[in-house]
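Residue-level structure breakdown
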Amino acid sequence: MSRRISPVIPGFGLTLGYTLVYLSLIVLIPLAVMFIHASQLSAVQFWNIVTAPRVLAALKLSFGTAFCAAIINGIIGTLLAWVLVRYTFPGRKIIDAMIDLPFALPTAVAGIALTALYAPNGFIGQFAADLGIKIAYTPFGITLALTFVTLPFVVRTVQPVLADIPREVEEAAACLGAKPLQVFRYILAPALLPAWLTGFALAFARGVGEYGSVIFIAGNMPMKTEILPLLIMVKLDQYDYTGATAIGVMMLLVSFVLLLLINLLQRRIETPN
Amino acid sequence: MSIRRYALAALASAVFAGSAVAKDFTLLNVSYDPTRELYQDYNAEFINYWKKSHPGDTVKINQSHGGSGKQGRSVIDGSPADVVTLALAGDIDEIAKLGKTIPADWQTKLPDASTPYTSTIVFLVRKGNPKGIHDWADLIKDGVSVITPNPKTSGGARWNFLAAYGYGLKSNGGDEAKAKEYIGKLFKHVPVLDTGARGSTITFVNNGQGDVLLAWENEAFLALKENGGADKFDIVVPSLSILAEPPVAVVEKNAEKHGTAEIATEYLKHLYSKEGQEIAAKNFYRPRDTEVAAKYEKQFPKLNLLTIDKDFGGWKSAQPKFFDDGGVFDQIYIPQ
């Protein structure tokens, strides 16, 4: 007993066609070209390129710092969203607007500004240097730049969901005897988690591919502070187009698998049992 | 009626004749980072020079600047450059090989292997030279920190690297193992590898990192000239350096398509004239012309200069040996 449900809004064929053409031109064809270019390599050659010690070191660094930055933003970003939604105070609108600034600013500008501030004799970096901590030109510096660039993602995904949870729900829980931590654990966290994961995944994915801001603060030392996108640029500057695409394909595959896992996790949370 | 017809014919012929004589030219010069000021001056000079023999023409010259390798790649990928004026002959070789818009024998088309001006690598140190840096051997002393860009991504950094390597060879009687040891020690003193020469200059000048910047001679002079740099920095000339020979070439396929082959060739030839050489010298590039060189003798200290062709067998053998994957530069960082 199958029955075709016709949607309320007509034009399914047209909209789907448009979607497919659009996706092909903007996403699928450029990515396919990359795969085709990389397929000039034999499996062994490909494997040798992506498992070279420098590439592996950069892989660890890029994914590690992007993960740390996403976690930091996951915590601070949720806090920011909480403050912006639950409290009214003078200047709230201005702070709200400032959250998006890292998107508007050219990333190179952000990188240069952060480096000037956090270099060992910069305005903030000098105090850290006194304590024996180096920020710029280390993985800390990279994480810092990525935290800046990916700040808006978690805030902007968590904020609307949090605004939709009526205050009364929390108050009702409190009336029933829930302690603040229990309210957070059993009322807020389950409702926020899917949105939070989306924000986390966006921040992580953006961080992995970020080039402009990181390049100034990273120091770019082989094996230590060299990110994957820089290695791609290095290969291109040697006119090694295939080597560059091989690393690009590898990054894409790793990112895809990670994003897929996050999506699956999200599904499990949204549909328990 | 006949008068009117006559007038029309005259008008038509005038328009036709006019268009045959006066032409509009737009040239695109794709160059590398530190030549911005040089070509601004030179373009004005060249337009004047061209108008003397072609008074009706209008000439417009656009410049594009960036890292030499990046610029080379943009021409391979289809940038409509009429001429390229890059940092390394190797980059133009790649355009000839991969882009096929420049003939393979491009270096024979103009005098001095198509390199109208030269430069060298010198040290820029903090005012008063507090760390006492006078030669390459001083760079590997304890507590000295050296700023240079990444030779993988910067043309200038490759000249730096070869100059240092050349010193390692000469001071050890040509022993390659010792030279590698020296270069390995030197790069242990490098805390930051920026992707380009300008990035390194920012790191050294604005962010105050390092005791010495390995720089193009023309960039070092420029750093002294700008924002009171002369009060903050000194130039130190080492005992030995390398003759950096930035090459030029007409991108023939593009120029033919644009109908600019003649003017593009003249544009590069005029670089060798007295006027062109004078402008190069004023912008701190060493002129090829002996008369102009004599005039600016004081500006450019004499020092022992290695050349890429004689001492390193040209870019075609230096690039793979030192800078390609697994080359000498990689061996410094990757445990064998």
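Residues numbered from 1 in each chain as written. Chains lettered and ligands numbered in written order. Predicted model: local features only at pLDDT ≥ 70, side-chain atom pairs only at ≥ 80, totals over all residues. Heavy atoms only, no water.

How we decide: UniProt positions are given in the numbering used here, feature names are shortened, and annotations may be inferred rather than shown by experiment.
Under an unreviewed UniProt entry, the name given to chain B is Sulfate transport system substrate-binding protein, and the organism recorded is Pseudomonas graminis. In the Sequence similarities (unreviewed entry) part of its UniProt record, chain B is described as follows: "Belongs to the prokaryotic sulfate-binding protein family."

Per an unreviewed UniProt entry, chain A carries the name Sulfate transport system permease protein CysT and comes from Pseudomonas graminis. In the Sequence similarities (unreviewed entry) part of its UniProt record, chain A is described as follows: "Belongs to the binding-protein-dependent transport system permease family. CysTW subfamily." Within the UniProt record for chain A, the comment given under Subunit (unreviewed entry) is "The complex is composed of two ATP-binding proteins (CysA), two transmembrane proteins (CysT and CysW) and a solute-binding protein (CysP)."

1. Some thoughts on helix α7 (residues 176–188) of chain B
Structurally, the α-helix is built with 3.6 residues per turn, so residues lying three or four positions apart point the same way. Residue and element names in this part refer to chain B. Worth spelling out the cut-off: Numbering of helices and strands starts at the N terminus; helices are DSSP runs of H or I of at least 4 residues and strands are runs of E of at least 2. By definition here, a helix of n residues has an expected span of 1.5 Å times n minus one. Each residue's exposure class comes from its accessible area (1.4 Å probe, protein chains only) as a fraction of the maximum for that residue type: buried when under 20%, exposed when over 50%, partly exposed otherwise. Contacts are residue-level and defined by heavy atoms, with any inter-residue pair within 4.5 Å sufficient. Nitrogen and oxygen atoms within 3.5 Å of one another constitute a polar contact, given that in protein one can donate a hydrogen and the other can accept it, and given that sequence-neighbouring residues count only through two side-chain atoms.
With 13 residues, α7 should cover 18 Å at 1.5 Å per step; its first-to-last C-alpha distance of 18 Å lies within 8% of that length. Among all positions of α7, only Ala179, Tyr182, Ile183, Gly184, Leu186 and Phe187 are buried. Considering only its buried residues, α7 is in contact with β5 (146–147), α6 (155–170) and α16 (328–333). Two or three places before alanine 177, at the start of α7, stands the capping residue aspartate 175, its side-chain oxygen 3.0 Å from that residue's backbone nitrogen.

2. Side note on the UniProt feature "transmembrane region" (unreviewed entry) in chain A
Residue and element names in this part refer to chain A. Cross-referencing UniProt, the feature "transmembrane region" (unreviewed entry) maps to residues 12–38, 58–85, 97–119, 131–155, 186–205 and 241–265 in the present numbering. With 100% helix and 0% strand, residues 12–38 has its two end C-alpha atoms placed 36 Å apart. The distance from the first to the last C-alpha atom of residues 241–265 is 36 Å, and the span holds 100% helix and 0% strand.

3. A word on the nonpolar core
Looking at soluble globular proteins, one finds that nonpolar side chains tend to be buried together. Which entries qualify depends on this criterion: In this description, a nonpolar core means a group of buried Ala, Val, Leu, Ile, Met, Phe, Trp, Tyr and Cys residues linked to one another through side-chain atoms lying within 4.5 Å. Note that the domain bounds were set by an automatic or database domain assignment.
By size, the foremost hydrophobic cluster in this structure holds 86 residues, and its most contacted members are Val84, Leu139, Phe161, Leu162 and Phe187 of chain B. Top contributing element to this core by residue count: α6 of chain B, with 8 residues. Each of domain 1 (2–115 + 245–295) and domain 2 (119–244 + 303–333) of chain B accounts for three or more of the residues forming this core. With near-sequence residues (within four places) excluded, phenylalanine 161 of chain B lies in contact with Pro151, Ile183, Phe187, Phe322, Phe323, Val328, Phe329 and Ile332 of chain B. In terms of nonpolar packing, the next biggest core, distinct from the first, is built from 49 residues, Val214, Leu228 and Leu231 of chain A together with Val192 of chain B among them.

4. A closer look at the side chain of glutamine 277 of chain B
Structurally, glutamine 277 of chain B is set in helix α12 (residues 274–282). Beyond its immediate stretch of four places on either side in the chain, glutamine 277 of chain B contacts Pro116, Leu271, Tyr272, Pro287, Arg288, Asp289 and Val292 of chain B.

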